[in-house]
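Commentary on secondary and tertiary structure
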Amino acid sequence: MVNEFVEMGSATINPIAHIWQNLIYYLPGLIGALVVGIIGYLIGLLFGNITEKLLIKWGLDKWVDKNDYSHVLLNIKLSKLSAQLVKWGIFIAFLAPAANLIRLTTLATILTQFALWVPGLIFAIILTAVGLIISKLIAKNIHVSKNNKISKVVAEITQTIIIILFLDVALRQIGVQIQFIETIILIIIGAVLLAIAIAIGIGLSGSIKQYSNKLMNLAVEYKNKSATKKTTTKKKK
């Protein structure tokens, strides 16, 4: 009977003791990682706010609104976007040293890999924003006359192609395999270019037909005038 109570006590105490030992073993590393993470977040928050205020002071958002780039950027303020990228970029940079303090190998490996992957994501976001602005700038230079429908279509197509190309590069930065998507993009671009060529050809054919009709009318008028002159000359003789 006594032995049964001893065994029951051991069965209850041993798991608790094992949990306590693991807690003592892992707790310092977890606390250290938490402290490093909080410090990284506070530093990121500080530099993020400084970045936002500097960009507002330099008039970046006003420049975007003045040049009508806000629509293509989905009304996202570049100052706020830059501030968020700086804040989270700094915070994530602290994840790698924080992960080294954790004695949980699997969790440390995940955090380290995530910290190495995020800079590519930040660069992809920046590249996408730059691509959107460049596409809008080129489209504006192409579509100078608002009454010209052809230039408007060409501008929109050009803008779409530039955005797709920048998105292609941006997706590569975050490790997205897009060979299949690239093939589809090339097919779309080829089809668009073919449609443009056909449209231009149809437009030119109409212009050429009108021009040839004018030449024919001029030739007929010249022929009639020549015939009239000859008749008049014969009558005088």
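Residues numbered from 1 in each chain as written. Predicted model: local features only at pLDDT ≥ 70, side-chain atom pairs only at ≥ 80, totals over all residues. Heavy atoms only, no water.

1. As for the overall build of the protein chain
Condition: Counting from the N terminus, the helices are DSSP H or I runs at least four residues long and the strands are E runs at least two residues long. The buried label applies to any residue whose accessible area, calculated with a 1.4 Å probe on protein chains only, is under 20% of its type's maximum; exposed applies above 50%, and partly exposed to all values in between. For the area figures, the Shrake-Rupley method with a 1.4 Å probe applies, and any residue is considered shielded solely by the protein chains shown.
For the protein chain, the helix and strand inventory stands at seven helices and zero strands. If you list the helices and strands of the protein chain from N to C, you get α-α-α-α-α-α-α. Counting every position in the protein chain, which comprises 237 residues, the buried fraction comes to 23%. Accessible area of the protein chain: about 17,300 Å², with a carbon and sulfur share of 70%.

2. A short note on the pattern of salt bridges
Any two side chains of opposite charge can pair, so long as their charged atoms come close to each other. Selection rule: The salt bridge definition used is simple: a Lys or Arg side-chain nitrogen within 4 Å of an Asp or Glu carboxyl oxygen.
Under the criterion given, the structure shown has three salt bridges. With a closest N to O distance of 3.4 Å, Asp65 and Lys77 form a salt bridge. Remark: Lys77 occurs in the loop between helix H2 (60-66) and helix H3 (78-93) and Asp65 occurs in helix H2; sequence separation between them is 12 residues. Relative accessible area serves as the criterion here: at 37%, Lys77 is assigned to the partly exposed category. Notably, a salt bridge pairs Arg172 with Asp168, separated by 3.7 Å at the nearest N-O pair. Placement of the pair is Arg172 and Asp168 together in helix H6 (residues 149-173), with a separation of four residues, close to one helical turn. Overall, the relative accessible area of 47% leaves Arg172 in the partly exposed class. Overall, the relative accessible area of 15% leaves Asp168 in the buried class.

3. Here we look at the side chain of Glu52
Heads up, the condition is: Whether two residues touch is decided by their heavy atoms; if any such pair falls within 4.5 Å, the residues are in contact.
The topology assignment puts Glu52 in helix H1 (residues 2-57). A relative accessible area of 18% places Glu52 in the buried class. Excluding its chain neighbours within four sequence positions, the residues that come into contact with Glu52 are Ser79, Lys80 and Ala83.

4. Remarks on the nonpolar core
Note the cut-off: Residues grouped as a nonpolar core are buried Ala, Val, Leu, Ile, Met, Phe, Trp, Tyr and Cys residues, joined through side-chain atoms within 4.5 Å.
In terms of nonpolar packing, the biggest core is built from eight residues, these being Val64, Tyr69, Val72, Leu73, Leu78, Ala129, Leu132 and Ile133. Here this core takes three residues from helix H5 (residues 105-142), the largest share from any one element. For Tyr69, the contacting residues outside a window of four places in its chain are Trp63, Val64, Ile133, Lys136, Leu137 and Lys140.

5. Side note on the packing of H3 against H5
As a reminder, the rule being used: What counts as an axis is a line fitted to C-alpha atoms, over the stretch in contact for a helix, and the angles between N-to-C directions run from 0 to 180 degrees. By definition in this entry, angles of less than 35 degrees are roughly parallel, angles greater than 145 are roughly antiparallel, angles of 65 to 115 are roughly perpendicular, and the rest are oblique. The hand of a helix crossing depends on one turn: near helix anticlockwise from the far one by less than a right angle means left-handed, and clockwise means right-handed. Asp, Glu, Lys and Arg are counted as charged, while Ala, Val, Leu, Ile, Met, Phe, Trp, Tyr, Cys and Pro are counted as nonpolar; the rest, among them Gly, fall into the polar class.
Their axes nearest at 10 Å, the elements H3 and H5 cross at an angle of 165 degrees. Classed by the angle they form, the pair H3 and H5 counts as roughly antiparallel. Every pair of crossing elements has a handedness; the one defined by H3 and H5 is left-handed. Between H3 and H5, the residues in contact are Leu78, Leu81, Leu85, Gly89 and Ile92 and Phe114, Ala115, Val118, Ile122, Ile125, Ile126, Ala129 and Ile133, respectively. Grouping the amino acids of the contact of H3 with H5 by side-chain chemistry returns 12 nonpolar, one polar and no charged.

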